[in-house]
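Examining the three-dimensional arrangement
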Amino acid sequence: MRKFLLTMTALFTLASAAYAETIKASVNGLVCSFCATGITKTFKAQAAVDQIKVDLDSKLVTINTKSGQTMDDATITKLLTNSGYTVTGITRGNE
Amino acid sequence: MKQLTIGKLAELTGVTADTLRYYEKMKLLKAEGRTSSGYRLYSPNTANVVRFIRGAKSLNFTLEEIRKLLALNTSDQTTCIDILKHTEGKIAEAEIKIKELKEIKRVLTDLVQRCPGDDTPVKACPIMDHIHKAKTVFALLLIAGMALAAPKAEAKPISYVGGIMAMQENDETGHTLSLDYTLTPDYAVGLYAKQEENGKKFDTIGPQFNTLIKRWNMPDGQANIFNMIGAGDSHYHGDDDFSAWSSFLADYESRRIFASAEARFMYADHIETSEWQRARIGFAPYLANYDDLNTWFMVQFDHHPAKDQTDVVTPLVRFFYQTALVEAGYSSNHHLMLNWVYQF
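Predicted model, so just to flag it, every value in this text is computed and none were measured.

Parameters and conventions
- Residues numbered from 1 in each chain as written.
- Chains lettered and ligands numbered in written order.
- Predicted model: local features only at pLDDT ≥ 70, side-chain atom pairs only at ≥ 80, totals over all residues.
- Helix = DSSP H or I, 4+ residues; strand = E, 2+ residues; numbered from the N terminus.
- Buried ≥ 20, exposed ≤ 12 C-beta atoms within 10 Å, placed from the backbone.
- Contact = placed C-beta atoms within 7 Å.
- Nonpolar A, V, L, I, M, F, W, Y, C, P; charged D, E, K, R; others polar.
- Pairing = 2+ DSSP bridges.
- Core = buried A, V, L, I, M, F, W, Y, C linked by C-beta atoms within 7 Å.
- Axes fitted to C-alpha atoms, helices over the stretch in contact; angles between N-to-C directions.
- Parallel < 35°, antiparallel > 145°, perpendicular 65-115°, else oblique.
- Left-handed = near helix turned anticlockwise from the far one by under 90°.
- Expected span 1.5 Å × (residues − 1).
- Arc of directions from axis to C-beta.

**Let's talk about the overall build of chain A**
Tallying secondary structure elements over chain A gives three helices and four strands in all. Reading the helices (α) and strands (β) of chain A from amino to carboxyl end gives α-β-α-β-β-α-β. For chain A, buried positions account for 27% of its 95 residues. Counting only contacts in chain A whose residues sit at least 6 apart along the sequence, the fraction spanning at least 24 positions is 66%.

**Details of the interface of chain B and chain A**
On the chain A side, the residues contacting the 24 residues of chain B number 23 residues. Those elements that provide at least two residues to the side of chain B that touches chain A are β7 (200-218) and β8 (221-236) of chain B. Looking at the side of chain B that touches chain A, its residues break down into nine nonpolar, 11 polar and four charged.

**Remarks on the sheet that holds strand β1 (residues 4-5) of chain B**
Residue and element names in this part refer to chain B. In space, the three strands of this open sheet follow the order β1-β3-β2, with antiparallel pairing throughout. Each edge of the sheet is formed by a strand with only one pairing partner; in this case those strands are β1 and β2 (33-34). Sheet topology places β1 next to strand β3 (residues 40-42); two bridges connect them, and they run antiparallel. In the sheet register, Thr-5 faces β3, and the bridge partner there is Leu-41.

**Topic: the nonpolar core**
Note that soluble globular proteins tend to have their nonpolar side chains buried in a common cluster. Ranked by internal contacts, the top residues of the largest apolar core, which has 26 residues, are A:Val27, A:Leu30, A:Ala36, A:Ile39, A:Val54, A:Val61 and A:Leu80. Where this core is concerned, the elements lending two or more residues are β1 (21-28), α2 (33-44), β3 (60-65) and α3 (73-82) of chain A together with β4 (164-171) of chain B. Here this core gets five residues from one element, more than from any other, and that element is α2(A). Contact partners of A:Ala36, with chain neighbours within four places excluded, come to A:Leu30, A:Val54 and B:Tyr290. Among the nonpolar cores identified, the runner-up in size contains 14 residues, and B:Leu9, B:Leu29, B:Ile53 and B:Ile66 belong to it.

**Section: unusual backbone geometry**
One non-glycine residue with positive phi stands out, namely A:Lys59, at about 60 degrees. Assignment of secondary structure puts A:Lys59 in the loop between β2 (49-55) and β3. The backbone phi angle of B:His334 is positive, close to 65 degrees, even though this residue is not glycine. Relative to the helices and strands, B:His334 resides in the loop between β14 (324-330) and β15 (336-343).

**With respect to the pairing of β3(A)**
Residue and element names in this part refer to chain A. The alternating pattern of β3 places Val-61, Ile-63 and Thr-65 on a buried face and Leu-60, Thr-62 and Asn-64 on a face that is not buried. Examined bridge by bridge, β1 and β3 share five bridges and lie antiparallel to one another. Its bridge partner lying in β3, Ala-25 is registered against Val-61. Across six bridges, β2 lies against β3 in antiparallel orientation. Paired with Lys-53 across the bridge in β3 is Thr-62. Linking β2 to β3, which pair antiparallel, is a turn of four residues; within it Lys-59 sits at a positive phi near 60 degrees.

**Regarding the packing of helix α3 (residues 46-58) of chain B against helix α4 (residues 63-74) of chain B**
All names here are of chain B. The geometry of α3 relative to α4 is characterised by a closest axis approach of 10 Å and an angle of 130 degrees between their N-to-C directions. Overall, the two elements α3 and α4 adopt an arrangement that is oblique. For α3 against α4, the interelement crossing comes out right-handed. Two secondary-structure elements touch here, α3 through Val-49, Ile-53, Ala-56 and Lys-57 and α4 through Ile-66, Leu-69 and Leu-70. In terms of residue class, the contact of α3 with α4 is built from six nonpolar, no polar and one charged.

**Quick notes on α4(B)**
All names here are of chain B. Between its first and last C-alpha, α4 extends 17 Å over 12 residues, near the 16 Å set by a 1.5 Å rise per residue. Of all the positions in α4, only Leu-63, Glu-64 and Ile-66 are classed as buried. All buried residues of α4 lie within an arc of 160 degrees about the axis, which places them on one face of the element.

Below you can see the structure in the form of structure tokens.
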């Protein structure tokens, strides 16, 4: 029984470690890449963020979180607003 | 007496027809009418006005000052004291220039005395050594100035919360160094330093407060209205005065089109009170994405009522890549424009 519990704990830890999230935020006003560098700088300063990608063509900001970490919609909306933009939608997909 | 054509007036005064038209544009002269074929006609007394302008210019009065003198000359309320005030200001300017020239002469005389005047190699020449040192001091001052460096028309005066933006502008209005820090999505504080050439040439330094009044974020564009307000010290030929300035900037930008308009007001007690307007339009020849080099072709229009040449047009090219922006242009009054902005 003890062995079983240890195995389950190890598996659960591994599963958590592998869990990272990809979040896509649709943004209005995203037209100037020089101005949008603020988005990259703001999100990279967050402990939960692993990678950040800004795409002017699709008007999307893609956030990859670090393993086992996530960011809620309110935080993402606040960070994008502080960078000067308006969030129109947030979608999530796990990796 | 017979009215004068522009050609006749030019002949009588020794001033070119282009200059006469420019004086008229600056409201120093006024044509009384036109001939049937459209040529300007001036009163015979206009020749005296032109001679007065030339005389005042030779005494270093600016066209704006001359316009004031001419207005005083035609006013019944004007007394000698009014004219005296203007003239005393000019004497003070001349004295400062004399002082500066004397200092230049003193330094040059000292250098000549230190120069051995023989076949000493140029590397050991004290005159060249002095000039090199002077250049080093200038470069150090420039770097120190850059460290101060507040965005205005060239980049948005508010970036992202916690962001620092440094900017240097060198154009026909002078040299500006500014540095701003964005406190909230709507406010930024900065330090602003400018060597201004808008009428007079004077230096200004002081803190500046930037406010985002309104922003429109659209799917394919962004529009903003900003206000910048600042106060500090202006320096003009040994004279320091309290100064305050404010400007309103409106812009619209898509990935293809850019347009902006800015109105600026400057108050520097008795050094200068002036206004200035700027507008820009531009287009991007290709759609650049976030990590690409962005290129813009733009035209800047400046209107300076206080300057001899009130309207200036500057075609320019803008490049930016990630956190660095550079602009270069050449103005219709033959000034090179070189601006840069960097986001930290």
